Structures are given as structure tokens and as C-alpha cells.
Amino acid sequence: MNEQQNQRKMRSLERHQYIIDYLKTHKSVDVSFLSTELSVSEVTVRKDLEKLERDKWLVRSHGGAVLNENLFVEPSFIEKEDRLTREKSAIAAEAAKLVRDGMVVALSTGTTVSRLAALLKDRSSLTAVTNALNVATELMGYGGIELFLTGGQIRPNTFALIGETAEKSLDGVYTEYVFFGANGFSADEGLTTPSMEEARVVRRLIDNAKHVVALVDHSKFGKAAFYRIVSTERIQTLITDGKAPQDEVDKLRERGIQVIVA
């Protein structure tokens, strides 16, 4: 891809982000408005809306688009725990292979991360940092594990600790690896979650880690939630299962991201 193509792609990504951000606030938008604001033709705007509709960010309407309200739907931890148990267990097992005795790791929220935590109980001299009550419950009481739990407000849906207290408690806390999940994932749009507050805490864990590992089962591919945690370029490793779309896996590997298929 030459420099001119890269510039065109970046401009399209910038337009897509503008449209998404606008819809998050205003819920709907007109083609004519976007054409003026973005200084592009209405034909270009319609192509952008078609792409974003395919990625499930919006639903096109006559003369414009409306926000996809499904972005805000989030099953509870209990509801998600019983889904895709074989795939999640396989992903967790691959992730556990990366964790050695004596490491400092961060574990965020999610049912797959919870399964990973359950596999780390036999580690020695392991320091685990988490903002998830369920992860802390899995790891507490084991002599070989030093556990650091953030403070913050509890999100009942995910058992996550969120808010300013959670974020500030991570100041100066650095880890070798961070493991996290997401509600939606695509190579182009990144990893997303319905909760802006939860995304901020996870992003802080990611910013303070040397190596970033996303645990994403096949059901998350091609889906988008309300708020972006991080772009795909921010992760070094993605662990998924054998049902993940091959074209997305290939795209990630072409970008230099390690993909482990459990």
C-alpha cells in the first residue's frame, strides 16, 4: 500500500470515527449534514454509512442513519458464563501458558479472564492486579499469589470496579502482561464494550502493561459495542478459538499481531 493509499485510508477511518462519535451523542444524523461537516460528497458519506452498517455501528435510514441501540445491550456475567464454555476454557488454557512463576500480570473483567484466573492458582511468587471481583475471588487465599484489587464502584453486570478511584489506584502500577476481554471485536474498529467507565479502567491496565493480550472468542468477531477500549494496533497477542473468521485472523497476522488459535 503506497503513501497516497495510506492517507486515503486514514481519512476514511477519521470520518468513520467522527460519525460514530456524533451518533453516540445525537443518536441520528443526516447525509447532507455529514457531507458539509466532513467536506466530502454525499456519495462518499453513503459509502461510509454502508461500511459502518456492515460493522453493526448504525442502521441506515432515509437520508441518514441512526445509532444501533444494540450497542448498549450487555448480558450479565451469570448469563455469559454458561455460553461457549468449551471455547472459553480452551482460550483460557492457552493464555495460562504465557504466565510463569514470578511474573506481575493484570487480569481485567470477563468470563474468559475468570477462567484464566482459575488456572493460575498453582503459580508461585505471582503478583496479580485486577479490577474484577470475580477474578479476585478466584485468586484470594493462595500463598503463592500476591493480589492487588483496585477500589471503585461495582458494576453488577460484570463484577468490575470502575470510576475515578479504580483508575487512580492504578497510577504507578506496572505489569508484564495484561489479559482482557471485550464484548465486540473487529480488526478495523478494535475492541469495544458497552461501558465507557469500564473501558477507561481496562485502558489504564493496558497502558501500564508491557504486553497486551486480548481473549476473544469467535462470537465477538464482527460485533461492536458502545465504547472502544483500544484499537487493534494496541494489542500484541490475540487468543481466540477455531471458529474465528479466517479472514479476520489473516488480517491481524498481516499487521504483525500474534494470533493463537485454541
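Look above for the structure.
Calculation criteria
- Here the residue numbering is sequential within each chain, running from 1 through the sequence in written order.
- Selection of residues for local features in this predicted model requires a pLDDT of at least 70, selection of side-chain atom pairs for listing and counting requires 80 or more, and totals for whole chains, interfaces and linings are taken over all residues.
- Side-chain numbers come from the whole structure's heavy atoms, not from hydrogens or water.
- The helix and strand labels rest on DSSP assignments: H or I over at least four residues marks a helix, E over at least two residues marks a strand, and numbering proceeds from the N terminus.
- Only C-alpha atoms enter the radius of gyration; for comparison, a globular chain is expected to reach 2.2 Å times N to the power 0.38, where N is the number of residues.
- For every residue, the accessible area obtained with a 1.4 Å probe (protein chains only) is divided by the maximum for its type, and the residue is called buried under 20%, exposed over 50%, and partly exposed between those limits.
- Contact definition: two residues touch when any of their heavy atoms are within 4.5 Å.
- The aromatic pairing rule takes the rings of Phe, Tyr and Trp, using the six-membered ring of Trp, and pairs them if the centres are within 6.5 Å, calling planes under 30 degrees apart stacked, those over 60 edge-to-face and the rest tilted.
- By definition, two strands form a pair when at least two bridges between them are found by DSSP.
- A fitted line through C-alpha atoms serves as each axis, taken over the contacting stretch for helices, and the angle formed by two N-to-C directions is quoted from 0 to 180°.
- In these notes, a set of buried Ala, Val, Leu, Ile, Met, Phe, Trp, Tyr and Cys residues joined through side-chain atoms within 4.5 Å is what counts as a nonpolar core.
- The term salt bridge refers to a pairing of a side-chain nitrogen on Lys or Arg with a carboxyl oxygen on Asp or Glu at a separation within 4 Å.

Trainee: I would appreciate a short explanation of the overall build of the protein in the present structure.
Mentor: Helix and strand counts for the protein stand at ten helices and 15 strands. Against the globule reference of 18 Å for 262 residues, the protein gives a C-alpha radius of gyration of 19 Å, in line with a compact fold. Here the protein, with 262 residues, has 50% of them falling under the buried criterion. Sequence separation of 24 or more characterises 61% of the internal contacts of the protein that already satisfy a separation of 6 or more.

Trainee: What is the right way to look at the packing of aromatic side chains in this model?
Mentor: Aromatic ring pairs are reported here in terms of the distance separating the ring centres and the angle at which the planes meet. A full pass over the atoms with the stated rule returns four aromatic pairs. Here the aromatic rings of tyrosine 18 and tyrosine 22 are separated by 6.4 Å at their centres, their planes lie at 20 degrees, and the arrangement is stacked. Linking tyrosine 18 with tyrosine 22, this pair stays in helix α1 (residues 3–26), spanning four residues, or about one helical turn. Between the aromatic rings of phenylalanine 185 and phenylalanine 221, the centroid separation amounts to 5.1 Å while the plane-to-plane angle is 80 degrees, which identifies the pairing as edge-to-face. One end of the pair, phenylalanine 185, is in strand β10 (residues 184–186); the other, phenylalanine 221, is in the loop between β12 (209–215) and β13 (227–230), and 36 residues separate them in sequence. Taken as a pair, phenylalanine 185 and phenylalanine 221 share a single burial class, namely buried.

Trainee: Explanation requested: the sheet that holds strand β1 (residues 28–30) in the structure shown.
Mentor: Whenever strands of a sheet pair, they do so through backbone hydrogen bonds, lying parallel or antiparallel. Strand order in the open sheet made by the three strands is β1-β3-β2, with antiparallel pairing throughout. Unpaired on one side and paired on the other, β1 and β2 (58–61) mark the two borders of the sheet. Here the average twist between neighbouring strands, direction ignored, is 20 degrees. Against the sheet, helix α2 (residues 31–38) contacts β1 and β3 (64–67), and its axis sits at roughly 75 degrees relative to β1. Sheet contacts for helix α3 (residues 42–54): β2 and β3; angle to β2, the most-contacted strand, approximately 135 degrees.

Trainee: How do you make sense of the nonpolar core when you look at a structure like this?
Mentor: Note that soluble globular proteins tend to have their nonpolar side chains buried in a common cluster. Judged by nonpolar contacts, the single largest core of 34 residues is most densely connected at Phe180, Leu191, Ile206, Ile229, Ile235 and Leu238. Beyond its immediate chain neighbours, meaning those up to four positions away, phenylalanine 180 contacts Ser108, Val113, Leu191, Val202, Ile206, Val212, Val213, Ala214, Leu215, Ile229, Val230 and Ile235. By size, the runner-up hydrophobic cluster in this structure holds 25 residues, among which are Ala95, Val105, Leu116 and Ala132.

Trainee: Is there a simple way to explain the pattern of salt bridges in this structure?
Mentor: Opposite charge on two side chains permits pairing when their charged atoms draw close. If you walk through the whole model with that rule in mind, you get 18 salt bridges. Here lysine 97 and glutamate 94 are joined by a salt bridge, their closest N and O atoms 3.0 Å apart. Among the ionic pairs, glutamate 167 bridges to arginine 204, the shortest N-O distance being 3.9 Å. A residue pair is termed long-range when its members are at least 10 positions apart, and glutamate 167 in helix α8 (residues 164–169) and arginine 204 in helix α9 (residues 196–207) qualify at 37 residues. The exposure class assigned to arginine 204 is partly exposed, which follows from its relative accessible area of 24%. Through salt bridges with shared partners, a single ionic network connects Asp188, Glu233, Glu248, Lys251 and Arg255.

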